[in-house]
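Observations on the model geometry
As a plain string of letters, each chain reads:
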Amino acid sequence: MFLPATPEELRELGWDRLDVILVTGDSYLDSPFVGVSVIGQSLLKAGYRVGIIAQPDVDTAADITRLGEPALFWGVTGGCIDSLVANRTASGKKRREDDFTAGGINNRRPDRAVIVYANLIRRWFKATKPIVLGGIEASLRRIAHYDAWSNRVRRSILIDARADLLVYGMGEKTVIELAARLKEGRGVPDLRGLCTIAAEKVPGTVELPSFDEAAADRAAFTEMFLGFYRNQDHRTAQPLCQRQDSRWLIHNPPMPPLTEAEMDDVHGMDFERDVHPHDLRKGKVRALETIRFSIPTHRGCYGECHFCAIAVHEGRTVSSRSEASILQEAKRLVSLPDFKGYILDVGGPTANMYGFECKKKLLRGACPEKRCLYPSVCTSLRPDHGRQVSLLKKLRRIPGIKAAVVASGIRYDLVLADRKAGLPYLSEVVRHHVSGQMKIAPEHSEEKVLACMGKPGRDGLIAFRDLFRRLTTEADKEQFLTYYLIAAHPGCTEKDMEAAHRFASRELAIRPEQVQLFTPTPSTVSTLMYHTKRDPFSGRTLFVEQSAAGRERQKKILVAKKGLLRYEISQLNQATKEEESWVRTKTSKKKPRRNLPKR
Ligand code: SF4
């Protein structure tokens, strides 16, 4: 069932008061892919009365008061994406469209939604129940962090939002335990996965440089970040504290990741896989087109790409579902009236991390000074794609399924490192689970940039490309690889982009189309580099392109047509308009072009 979102639904359920009210920056999609929906359904299953208010009007009391006041707590999230990432492009421009808003127009989610919603609650409910922050926006901003949109170090969002508690990471277990303790009047200071505020420093916590020190000094900021980053494994993490003005932020160690049985319980819940009728009146939600018929197989990622927020939010330990649970979900999809026979994605943050983990990590925690996949796949990891091959074969055989696509990105280094099942896996995917193109994310070609990204070198990419081509030819298919690349990452210069352009056209024989501008998402290693202009591990100074024009220029170098490698930009006016004139490389005798090339 949908969580109730209107007073009429409360009346129908015969509920006079809710225990928990969740407030979200997205339209309400009841789906296993949507965090607030998973949290709400988990609480419901645990016996709590939960309601949801999606994208409330922040100027009036109408929406925020419509379900009354909860008996236990308010839960506030910005939605599936940090509100600034959702609302602004990497260049800072306002996005017009929103895949998580009914009707598709980006006019419902405020910037810094978590802060705005917490203030909205305080405005209309003065001395109310605790306000608990959650979701990715709260998770990434849980300690002092660099915020690129305001170009400054900000306090924990818990302080800025004037909220009471913050649940970080994958929050089901923490939230259920929190609800139980609040109901029984027990304290929560030791609850894992939680950040709290204290008047005094708590004994036994490791003190990070204070907010003031981190804001004033980049070396202190780096020390703070690394202290935070190295205390995110539930087996080894210490409780942390950080002075923020006159108070102390307390960061408890993470909750252990879900076991396979717990993952199955979460995904066995009765999600509607649809938009709540209250929101559907405003139009369709585009995100649903992909996630309605997709199946999440696992969560977490040990790739630790420096620009990616998944490790900070979902953790570095992969939790997988059982095969039986996934097959059961596939059968449920087949029974939906509008299912056309195609599962649009079977995957997770990285498709082929399903079904295996490092045994050492599971026993003793992630290695503090070693990485699972960089600079090469750790010998202790022992990748094994066997379970994935078995799962994909069984999915294909379910009556009513014409195809189950692996659309999530694949780590090609893991495929190559699995000597036993890597080739059968890729063969299986190439023959039956690619819909024309397979996504891989080399991100760049130049070693020094790849090192800044925490990504492996180009040799593996070429080996994988060759293998993919061979298997595709053998399967007599017409399909290709799509390469995801990043421009303007810290450490990347225009010369590096020119080299990447040459590599793409000469070695890969492509003109890149999937090129993203680096977005400095809070609390990632790359954002630390962006802010400090240093590699935090080696201490090396880095070139960082921070100007909007320079960042765009890097992207345009990569997507330029053959022979258009260099160009100049002349500012026509001091505001935003630029006229860009591209010039041919020195070997060309043609006149310079005056307009941007069409993409
Ligand atoms: S032993 Fe290797 S795979 Fe395991 S946690 Fe350490 S670095 Fe990762």
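Here we summarise the structure given alongside this text. (Residues numbered from 1 in each chain as written. Predicted model: local features only at pLDDT ≥ 70, side-chain atom pairs only at ≥ 80, totals over all residues. Heavy atoms only, no water.)

**Thoughts on the overall build of the chain**
- Helix and strand content of the chain: 23 helices and 24 strands.
- Considering only C-alpha atoms, the chain reaches an extent of 75 × 60 × 50 Å along its principal axes.
- The buried share of the chain, reckoned over its 599 residues, is 58%.
- Across the chain, the fraction of contacts at a sequence separation of at least 24, relative to all contacts at a separation of at least 6, is 74%. (Helix = DSSP H or I, 4+ residues; strand = E, 2+ residues; numbered from the N terminus. Buried < 20%, exposed > 50% of the residue type's maximum accessible area, 1.4 Å probe, protein only. Contact = heavy atoms within 4.5 Å.)

**With respect to the site of the ligand**
- In the vicinity of the ligand, the contacting residues are Cys-358, Lys-361, Cys-367, Arg-371, Cys-372, Cys-378, Ser-380 and Leu-381.
- The residue makeup of the shell around the ligand, split by class, is five nonpolar, one polar and two charged. (Near = heavy atom within 4 Å. Nonpolar A, V, L, I, M, F, W, Y, C, P; charged D, E, K, R; others polar.)

**Thoughts on the side chain of Arg-299**
- Turning to its location among the elements, Arg-299 is positioned in strand S15 (residues 298-299).
- A distance of 2.6 Å separates a polar atom in the side chain of Arg-299 from a polar atom in the side chain of Glu-172. (Polar contact = N/O pair within 3.5 Å; in protein donor to acceptor, adjacent residues only side chain to side chain.)

**A word on the packing of aromatic side chains**
- Taken as a whole and judged by the stated rule, the model has eight aromatic pairs.
- Geometrically, the ring pair formed by Trp-74 and Phe-125 is tilted, given 5.0 Å between the ring centres and 55° between the ring planes. Linking Trp-74 in strand S4 (residues 73-77) with Phe-125 in the loop between helix H4 (113-124) and strand S5 (131-133), this pair joins segments that are 51 residues apart in sequence.
- An aromatic cluster of at least three residues, connected via ring pairs, comprises Tyr-146, Phe-518 and Tyr-530.
- A cation over an aromatic ring shows up here: Arg-316 above the ring of Tyr-229, its NZ or CZ 4.5 Å from the ring centre. (Phe/Tyr/Trp six-rings, centres within 6.5 Å; stacked < 30°, edge-to-face > 60°. Lys NZ or Arg CZ within 6 Å of the ring centre and 35° of its normal.)

**Some remarks on the environment of Arg-540**
- Positionally, Arg-540 belongs in the loop between helix H22 (525-532) and helix H23 (548-559).
- With 316 residues separating them in the primary sequence, Arg-540 and Met-224 have C-alpha atoms 18 Å apart.
- With residues up to four places along the chain from it excluded, the contact list for Arg-540 reads Cys-452, Lys-533, Arg-534 and Asp-535.

**Some thoughts on unusual backbone geometry**
- Residues Tyr-374 and Pro-375 are joined by a peptide bond in cis, for which omega reads 5°.
- Locating Pro-375 in the fold gives a position in the loop between helix H15 (359-364) and helix H16 (386-396).
- Positive phi values are uncommon outside glycine, yet Arg-112 reaches one of about 50°.
- Looking at the element boundaries, Arg-112 is found in the loop between helix H3 (83-87) and H4.
- With a relative accessible area of 17%, Arg-112 lands in the buried category.
- A positive phi angle, near 60°, is found at Lys-533, a position not held by glycine.

**Some words on the packing of helix H14 (residues 323-334) against H16**
- For the pair H14 and H16, the least separation of the axes is 10 Å and the interaxial angle reads 25°. By the angle between their directions, the pair H14 and H16 is classed as roughly parallel. Crossing geometry of H14 relative to H16 is assigned as right-handed. Two secondary-structure elements touch here, H14 through Glu-323, Ile-326, Leu-327 and Ala-330 and H16 through Arg-387, Ser-390, Leu-391, Lys-394 and Leu-395.
- Taken together, the residues of the contact of H14 with H16 break down into five nonpolar, one polar and three charged. (Axes fitted to C-alpha atoms, helices over the stretch in contact; angles between N-to-C directions. Parallel < 35°, antiparallel > 145°, perpendicular 65-115°, else oblique. Left-handed = near helix turned anticlockwise from the far one by under 90°.)

**Brief notes about the pairing of strand S9 (residues 194-198)**
- A large share of S9 lies buried, amounting to four of its five residues.
- Judged from the two bridges that link them, strand S8 (residues 165-167) and S9 form a sheet pairing that is antiparallel. For Leu-166, the partnering residue across the bridge sits in S9 and is Cys-195.
- Sheet topology note: the S9/strand S12 (residues 247-251) ladder contains four bridges and is antiparallel. (Pairing = 2+ DSSP bridges.)

**Regarding the environment of Leu-191**
- As for its placement among the helices and strands, Leu-191 is situated in the loop between helix H7 (172-184) and S9.
- A sequence separation of 204 residues divides Leu-191 from Leu-395, and the C-alpha atoms of the two residues are 39 Å apart.
- Not counting residues up to four positions away in its chain, the partners in contact with Leu-191 are Thr-174, Glu-177, Leu-178, Arg-181, Asn-252 and Met-255.

**Things to note about the nonpolar core**
- If you look at the biggest cluster of nonpolar residues, it comprises 107 residues, and the most contacted ones within it are Leu-43, Phe-73 and Leu-133.
- Among the elements that take part in this core, H4 stands out by supplying seven residues, more than any other.
- Sequence-distant contacts of Phe-73, that is, excluding residues within four places in its chain, are made with Asp-19, Val-20, Ile-21, Leu-43, Lys-129, Pro-130, Val-132, Val-175, Leu-178, Ala-179 and Leu-182.
- In terms of nonpolar packing, the next biggest core, distinct from the first, is built from 40 residues, Ala-330, Ile-343, Ile-401 and Tyr-412 among them. (Core = buried A, V, L, I, M, F, W, Y, C linked by side-chain atoms within 4.5 Å.)

**Here we look at the sheet that holds strand S1 (residues 20-24)**
- Reading across from one edge, S3-S1-S4-S5-S8-S9-S12-S11-S10 is the order of the nine strands in this open sheet, with mixed pairing throughout. Edge positions in the open sheet fall to strand S3 (50-54) and strand S10 (206-207), since each of these has one partner strand only.

**Some details on the pairing of S3**
- In terms of burial, S3 is a largely internal element, five of the five residues being buried.
- Bridging between S1 and S3 involves five bridges; their strand directions are parallel. If you follow Val-20 over to S3, its bridge partner there is Val-50.

**What about the sheet that holds strand S22 (residues 515-517)?**
- Spatially, the three strands line up as an open sheet ordered S20-S21-S22, and their pairing is parallel. Looking at strand neighbours, the two that pair on one side only are strand S20 (437-443) and S22, the edges of this open sheet. Sheet twist, expressed as the average angle between the axes of neighbouring strands with direction ignored, equals 25°.
- Across five bridges, S20 lies against strand S21 (residues 480-487) in parallel orientation. Pairing of Glu-443 across the sheet is with Leu-485, part of S21.
- On top of the sheet, H23 reaches S21 and S22; it is set at about 170° to S22, its chief contact.

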